[in-house]
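A structural walkthrough
The residues making up each chain are set out below.
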Amino acid sequence: MRLAAENLTLRAGGRAIVDGVSLEAQPGEFLALVGPNGSGKTTLIAMLAGLKRPHGGAATLDGRSVARMPRRDLARVLALVEQQAETTERLTARQAVELGRTPHLGALSPWGTRDDAIVADALEAVGMAPFADRLWHSLSGGERQRLHIARALAQEPKVLVLDEPTNHLDVEHQLGLLALVRRRGGTVLAALHDLNHAAMFADRIAVMEGGRLAAAGLPSDVLTPELIGAVFNVTAAVEIGADGRPFIRFAPPAMPRCDGWA
Ligand SMILES: Nc1ncnc2c1ncn2[C@@H]1O[C@H](COP(=O)(O)OP(=O)(O)OP(=O)(O)O)[C@@H](O)[C@H]1O
């Protein structure tokens, strides 16, 4: 499915925090959303996933307004993994993942063996099968994050929207998760802070700056030293690998001298 922002605007605190943004993730495309803190990524994602209503423009799924879709219809096709999703319920890891099946259940489609299999596969995919019976509150931040991803996978969405999905994860699980999401197919929109992750896994990258879209295109076209310097205020060298994807090496910022430091 095609997920699109059409001139999306959202105002808060007396200013536009997302300001006329248009972009789209084509069916099967992995679109990475990058940008400095406060540039509007989470707000844009919240509108695209139907959590926030825009003040202007529209978020659409295959041309259909996300804001006007019944929640259940939306949840059958789009799964969101939020940046800071927590639960206070006394759930086991497996029960947390089972929640992903909710939009597909009903009087005529009760829980069945297929649902069990989907949940087991999702736990396996994120390496959490051995933790299935553990209580949520006993799990580490990274383990909980992997369960959020598993819950989204169990939803069997056509569109996966991820806000900083690699937060809390060690490097093996960061790379494993992004590879899994890419391998799985379907449309993916992922806000990522690590520009090298965006460069490695995304088909295209959209760059937010001050609520606006600063650039969008192929990783090698977007992630230039000039753009990285202008938007992120850091010095970087960019090499293009044999696979045509950029690799970014950042220069440490000049450190002010501080009395007492060696
Ligand atoms: N309800 C609100 N009232 C006022 N300002 C808000 C409100 N919600 C968000 N903002 C501001 O809007 C801006 C965009 O926030 P948003 O969370 O979308 O940014 P982000 O790019 O996801 O940031 P980060 O990388 O830090 O997660 C920030 O400056 C934030 O402080």
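The following refers to the structure shown. The shown structure was predicted, so the numbers you read here are calculated from the model rather than taken from an experiment. Every chain is numbered independently, its residues counted from 1 as its sequence is written. Given that the model is predicted, a residue must reach a pLDDT of at least 70 before its local features are reported, and side-chain atom pairs must reach 80 or more before they are shown or counted; all residues, however, enter totals for whole chains, interfaces and linings. The side-chain quantities take in all heavy atoms of the structure and omit both hydrogens and water.

Another point: the site of the ligand. Close to the ligand lie 14 residues; Arg15, Gly38, Lys41, Thr42 and Thr43 are nearest. Pairs of N or O atoms within 3.5 Å make up the polar contacts considered here, provided that, within protein, one atom can donate a hydrogen while the other can accept it, and that residues adjacent in sequence are counted only when both atoms are side-chain atoms. Here Asn37 contributes a side-chain N or O atom positioned 3.0 Å from an oxygen atom of the ligand. We get accessible surface area from the Shrake-Rupley algorithm with a probe of 1.4 Å; when it comes to residues, only the shown protein chains can shield them. For the ligand, whose unbound accessible area comes to 650 Å², protein coverage reaches 62%. Helix and strand assignments follow DSSP, with helices taken as H or I runs no shorter than four residues and strands as E runs no shorter than two, numbered in order from the N terminus. Secondary structure elements with two or more residues in the shell around the ligand: β2 (15-25) and α1 (41-48). Of the residues contributing to the shell around the ligand, the split by class is three nonpolar, nine polar and two charged. Each residue is tested against the molecule or strand, and it is near if at least one of its non-hydrogen atoms lies within 4 Å. Each residue gets one label: Ala, Val, Leu, Ile, Met, Phe, Trp, Tyr, Cys and Pro are nonpolar, Asp, Glu, Lys and Arg are charged, and the others, such as Gly, are polar.

To continue, consider the nonpolar core. Each nonpolar core is a collection of buried residues, namely Ala, Val, Leu, Ile, Met, Phe, Trp, Tyr and Cys, held together in the definition by side-chain atoms within 4.5 Å. A simple rule labels every residue: compare its accessible area, found with a 1.4 Å probe on the protein chains alone, to the largest value its type can have, and call it buried under 20%, exposed over 50%, or partly exposed in between. The biggest cluster of nonpolar side chains holds 50 residues, and the ones touching the most others in it are Phe30, Val97, Leu147, Leu162, Ile205 and Val207. Among the elements that take part in this core, helix α5 (residues 141-154) stands out by supplying six residues, more than any other. Within the second largest apolar cluster, 30 residues are counted, among which are Ala5, Ile45, Leu78 and Val161.

The next point concerns the packing of helix α4 (residues 113-125) against α5. Close contact between α4 and α5 brings their axes to 8 Å; oriented N to C, the two are set at 145°. Where α4 crosses over α5, the handedness of that crossing is right-handed. From α4, Ile118, Ala122, Leu123 and Ala125 reach across to α5, where they touch Leu147, Ala150, Leu153 and Ala154. Looking at the contact of α4 with α5 residue by residue, the classes come out as eight nonpolar, no polar and no charged. Whenever a helix is involved, its axis is fitted only over the stretch in contact; in every case the axis is a line through C-alpha atoms, and angles between N-to-C directions fall within 0 to 180 degrees. Each crossing gets its hand from how the near helix is turned against the far one by less than a right angle, where anticlockwise is left-handed and clockwise is right-handed. We call two residues in contact whenever any of their non-hydrogen atoms come within 4.5 Å of each other.

The salt bridge definition used is simple: a Lys or Arg side-chain nitrogen within 4 Å of an Asp or Glu carboxyl oxygen. Evaluation of the coordinates by the stated rule reveals 10 salt bridges. Two residues, Glu24 and Arg2, come together in a salt bridge whose shortest N-O distance is 2.5 Å. Of this pair, Glu24 sits in strand β2 while Arg2 sits in the segment before β1 (3-12), and the two are 22 residues apart along the sequence. Taking the relative accessible area as the measure of exposure, Arg2 reaches 24% and is therefore partly exposed. Ionic pairing is found between Asp115 and Arg101, a salt bridge with its closest N-O pair at 2.8 Å. A residue pair is termed long-range when its members are at least 10 positions apart, and Asp115 in helix α4 and Arg101 in the loop between α3 (93-98) and α4 qualify at 14 residues.

This brings us to the sheet that holds strand β6 (residues 78-81). Spatial ordering of the open sheet is given by β6-β7-β8-β3-β9-β10, a layout of six strands whose pairing is mixed. Edge strands, defined here as strands with exactly one partner in the open sheet, are β6 and β10 (212-217). Averaged over all adjacent pairs, the angle separating strand axes in this sheet is 15°, with direction ignored. Summarising the sheet, strand β7 (residues 159-163) and strand β8 (residues 187-191) pair through five bridges and their orientation is parallel. Bridged to Val159 within β8 is Thr187. Contacts from helix α9 (residues 225-232) reach β3 (30-34), β9 (204-209) and β10 within the one sheet, and its direction differs from that of β9 by about 30°. Note on pairing: two strands pair once DSSP finds at least 2 bridges between them.

This part is about the side chain of Ser65. Position of Ser65 relative to the elements: it lies in strand β5 (residues 64-65). Setting aside its immediate chain neighbours within four residues, Ser65 contacts Ala59 and Thr60.

Here we have four strands laid out as an open sheet, ordered β2-β1-β4-β5, and antiparallel in their pairing. Each end of this open sheet is capped by a strand with a single partner; those strands are β2 and β5. Bridge analysis of β1 against β2 gives seven bridges, and the strand direction is antiparallel. The residue of β2 that forms the bridge with Ala4 is Glu24. Against the sheet, α1 contacts β1, β2 and β4 (56-61), and its axis sits at roughly 120° relative to β1.

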